[in-house]
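Residues per chain are reported as follows:
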Amino acid sequence: MLEKSLVVGEYHIDTSQNSLIHSNRKVYLGPLRTSLLHFLCKNLNTVVTREDLAQHVWGRLVTDHTINQHISQLRKSIGNLSIHGLNISTIPKRGYIARLEGAEVGQPSPLVHKPEAATTNMKVLVVEGNNADREALVAQLENLNVAYVESVATVQAAEQAFALQDFDLLVIDALLNDTDGIEFVKRIRMGETSAVADIRVLVTHFDVQRELLGINSLLDIQGLLLKPLEDSRLKQMLMVASKSAVVLKPQAAYELVPTEVLSKAATLKTATN
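Let us look at the structure shown here. For clarity, every value in this text was computed on a predicted model and none was experimentally measured.

### Description of the overall build of the protein chain
Logical step 1: When helices and strands are tallied, the protein chain shows 11 helices and 12 strands.
Logical step 2: Within the protein chain, the fraction of its 273 residues that count as buried is 48%.
Logical step 3: Long-range pairs, those at least 24 residues apart, make up 64% of the contacts in the protein chain between residues at least 6 apart in sequence.
Logical step 4: Summing over all exposed atoms, the protein chain offers an accessible surface of approximately 13,800 Å²; the carbon and sulfur share of this is 50%.

Spelled out as structure tokens, the structure:
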């Protein structure tokens, strides 16, 4: 968690809004890339190694590919703001450097933090096939003052949404089209989608199944929401997710997760009712 926002020349890295601001323009970065830019700019005009970034931004070992991916996305975000003075350069075999000639690094005026800033700053993608359930969940999230909510009905639409922008949290029906929902989370963790592999995830389901709880743990899912969703439980799980950090396991561990057991369990439950 970042302690302070940062002012770099004419630019303001707003850690309370996970955004970069210049004049009257603002671009949303998301928590991880805000932390990444914050660390680079805190060491402005100084080369930082990949090891430095892994330690101070991720807090764990990460692959060069992961760091390169986020640096690339951060450059695109800066480009969208048309910031020509601020740039991040790759220094071969050494690391990266944030450059802004003649700029000083300082702290902005004291920020007023709202008690629920962790959730009100979140961008959430909802994936739910049932129209009524999807609309109800979106309304609940908006009533909880979540900053941005987008909803889609299929994993294909979710892929497109992730390709266009970053989200802090995915809320998805575990049994969307049988097992599409949980399979999509599995592919995310394996790095096979346009979403970042360590995105925080909440799944929704109609029942507490032993199989689903086991899969949640294996796929590093932050929590289960039972349908129909209760406002208090949703709020609680948003807070839990906002404070969680996903520590990814090796890809092979996710490949072995047996998601097909969910559809079998659902079929058996239907047959016995």
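On we go.
### Concerning the packing of helix α6 (residues 155-164) against helix α7 (residues 180-189)
Logical step 1: Contact pair α6 / α7: the axes reach a minimum separation of 10 Å and the direction vectors enclose 35 degrees. As α6 packs across α7, the resulting crossing turns out to be right-handed. Along its contact with α6, which presents Val155, Ala158, Glu159 and Phe162, the element α7 presents Asp180, Phe184, Arg187 and Ile188.
Logical step 2: Among the residues making up the contact of α6 with α7, the classes are represented as five nonpolar, no polar and three charged.

### Here's the deal with the packing of aromatic side chains
Logical step 1: Going through the model one piece at a time under the given rule, you end up with three aromatic pairs.
Logical step 2: Consider the rings of Phe162 and Phe167, whose centres lie 5.6 Å apart with planes at 90 degrees: the pair is edge-to-face. We note that Phe162, like Phe167, is buried.
Logical step 3: For the pair Phe162 and Phe184, a centre-to-centre distance of 6.4 Å together with 40 degrees between the ring planes defines the contact as tilted. Residue Phe162 is found in helix α6, and its partner Phe184 is found in helix α7; the two are separated by 22 residues along the sequence.
Logical step 4: Among the residues examined, Phe162 registers a relative accessible area of 5% and is labelled buried.
Logical step 5: Taken together, the ring pairs connect Tyr148, Phe162, Phe167 and Phe184 into an aromatic cluster.
Logical step 6: Note that Lys123 overlies the ring of Phe167, its terminal NZ or CZ placed 5.8 Å from the centroid.

How each quantity is defined
Residues numbered from 1 in each chain as written. Predicted model: local features only at pLDDT ≥ 70, side-chain atom pairs only at ≥ 80, totals over all residues. Heavy atoms only, no water. Helix = DSSP H or I, 4+ residues; strand = E, 2+ residues; numbered from the N terminus. Buried < 20%, exposed > 50% of the residue type's maximum accessible area, 1.4 Å probe, protein only. Contact = heavy atoms within 4.5 Å. Areas by Shrake-Rupley, 256 points an atom, 1.4 Å probe, with all protein chains shown as cover. Axes fitted to C-alpha atoms, helices over the stretch in contact; angles between N-to-C directions. Left-handed = near helix turned anticlockwise from the far one by under 90°. Nonpolar A, V, L, I, M, F, W, Y, C, P; charged D, E, K, R; others polar. Phe/Tyr/Trp six-rings, centres within 6.5 Å; stacked < 30°, edge-to-face > 60°. Lys NZ or Arg CZ within 6 Å of the ring centre and 35° of its normal.

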